Amino acid sequence: MIRVEVGPAAIYVAAELAAHDAGGHGASASFIGRVRGDGGLTELFLEHHPVLTATGLEELATEAAARWKLGALTLIHRVGAMAPGDTIVLVLASSPHRGEALAACEFLIDRLKTDVMLWKRESFADGRVQWVEQREGDHTRAERWD
């Protein structure tokens with residue numbers, strides 16, 4: 001079962017984990033990405049292209065399911081305005097054994113940073129506003145899955 005969502009609604013991790021693991025899989029791996037409050041950050045805004053962002057997430061989930069034997073895969077990405085501490089992304093991967101679940105989870109988080117159309121804008125308490133550029137390390141991590 002593959003489930004992909006993108007939208008502005010809050011991500012309730014406990015509820016998502018309970019729904020995801022209802023099948024009693026042997027191993028589940030997770031990644032929870034949250035908004036950092038570094039440097040006086042007051043808001044992170046994720047801009048996206050509704051069709052291309054959803055398609056990119058679905059393609060990555062399908063690729064992960066083709067690479068590893070997964071019993072369930074959940075990939076949820078939030079967009080819009082968020083405050084420090086809010087969950088931005090949730091990846092849950094389950095399989096009969098831990099290696100496949102861990103690899104799928106790591107693959108998804110590494111690749112979505114470079115392969116999915118999302119743009120981050122940060123706003124700070126001192127009035128600064130800046131767009132976040134991709135880092136070289138993001139590309140290095142993504143390329144190791146090619």
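Structure: see above.
Along each chain, the written sequence defines residue order, and numbers are assigned to residues from 1. Reporting in this predicted model follows two pLDDT cut-offs: at least 70 for local features of residues, and 80 or more for side-chain atom pairs to be given and counted; totals over whole chains, interfaces and linings ignore these cut-offs and use all residues. Hydrogens are left out, water is left out, and the side-chain values use all remaining heavy atoms of the structure.

K.L.:
Explain the sheet that holds strand β8 (residues 129-131) to me, and be specific about the residues and the numbers.
P.N.:
Here, any two strands with at least 2 DSSP bridges between them count as paired. Runs of E in the DSSP output that reach at least two residues are strands. Runs of H or I that reach at least four are helices, and both are numbered from the N terminus. Strand order in this open sheet of four strands is β5-β3-β7-β8, and the pairing throughout is antiparallel. Looking at the sheet topology across the chains shown, the edges are occupied by β5 (80-82) and β8. For this sheet, the mean angle separating the axes of adjacent strands, direction not counted, is 20 degrees. In this analysis an axis means a line fitted to C-alpha atoms, helices contributing only their contacting stretch, and an angle means the value between N-to-C directions, from 0 to 180 degrees.

K.L.:
Any details on the nonpolar core? Residues and values, ideally.
P.N.:
Put simply, buried Ala, Val, Leu, Ile, Met, Phe, Trp, Tyr and Cys residues joined by side-chain atoms within 4.5 Å make one nonpolar core. Working definition: with a 1.4 Å probe on protein chains only, accessible area under 20% of the residue-type maximum means buried, over 50% means exposed, and in between means partly exposed. The biggest cluster of nonpolar side chains holds 31 residues, and the ones touching the most others in it are Trp68 and Leu108. Among the secondary structure elements, those contributing two or more residues to this core are β3 (41-48), α2 (50-67), β4 (72-78), β6 (87-95), α3 (98-115) and β7 (118-124). The greatest single-element share of this core, amounting to eight residues, is contributed by α3. Pairs of residues are marked as contacts when any of their non-hydrogen atoms sit within 4.5 Å. The residues contacting Trp68, other than those within four sequence positions of it, are Glu100, Ala103, Ala104, Phe107 and Trp145.

K.L.:
Kindly report on the packing of aromatic side chains, identifying the contributing residues and their values.
P.N.:
The geometry of an aromatic ring pair is captured by two quantities: the separation of the ring centres and the angle between the planes. Pairing of aromatic side chains requires ring centres within 6.5 Å, counting the rings of Phe and Tyr and the six-membered ring of Trp. Pairs whose planes differ by under 30 degrees are stacked, by over 60 edge-to-face, and all others tilted. If you walk through the whole model with that rule in mind, you get three aromatic pairs. Measuring from centroid to centroid gives 5.8 Å for Trp68 and Trp145, while their planes differ by 85 degrees, and the two rings are edge-to-face. One end of the pair, Trp68, is in the loop between α2 and β4; the other, Trp145, is in the segment after α4 (136-143), with 77 residues separating them in the sequence. For the residue pair Trp68 and Trp145, the accessibility class agrees, reading buried in each case. Ring geometry for Phe107 versus Trp145: centroids 5.6 Å apart, planes at 85 degrees, classification edge-to-face. Of the two residues, Phe107 sits in helix α3 while Trp145 sits in the segment after α4, which places them 38 residues apart along the sequence. When sorted by exposure, Phe107 lands in the same class as Trp145, which is buried. Taken together, Trp68, Phe107 and Trp145 form an aromatic cluster joined through their ring pairs.

K.L.:
Run through the packing of α3 against α4, naming residues and quoting values.
P.N.:
Viewed as axis vectors pointing N to C, α3 and α4 meet at an angle of 130 degrees, and their least axial separation amounts to 8 Å. Classed by the angle they form, the pair α3 and α4 counts as oblique. Crossing hand, α3 versus α4: left-handed. Contacts between α3 and α4 involve Glu106, Asp110, Arg111, Lys113 and Thr114 from the former and Asp138, His139, Arg141 and Ala142 from the latter. Orientation is classified from the angle alone, with under 35 degrees giving roughly parallel, over 145 giving roughly antiparallel, 65 to 115 giving roughly perpendicular, and any other angle giving oblique. Left-handed describes a crossing whose near helix is turned anticlockwise from the far helix through less than a right angle; right-handed describes the clockwise counterpart.

K.L.:
Account for the sheet that holds β6, naming residues and giving values.
P.N.:
By definition, the strands of a sheet pair up through backbone hydrogen bonds, in either a parallel or an antiparallel sense. With mixed pairing, the four strands of this open sheet are ordered in space as β1-β4-β6-β2. Each having just a single partner strand, β1 (2-7) and β2 (27-34) make up the two edges of the open sheet. Neighbour-to-neighbour, the strand axes of the sheet open up by a mean angle of 5 degrees, direction not taken into account. Note that β2 and β6 share eight bridges and pair antiparallel. Residue pairing for β6: Ala27 is matched across the bridge by Ser95. In the packing of helix α1 (residues 13-20) onto the sheet, contacts are made with β1, β2, β4 and β6, and the angle to β6 comes to roughly 20 degrees. Packing of α2 onto the sheet brings it into contact with β1 and β4, and relative to β1 it is tilted by some 155 degrees.

Without other data, these values stay purely geometric and don't point to any function.
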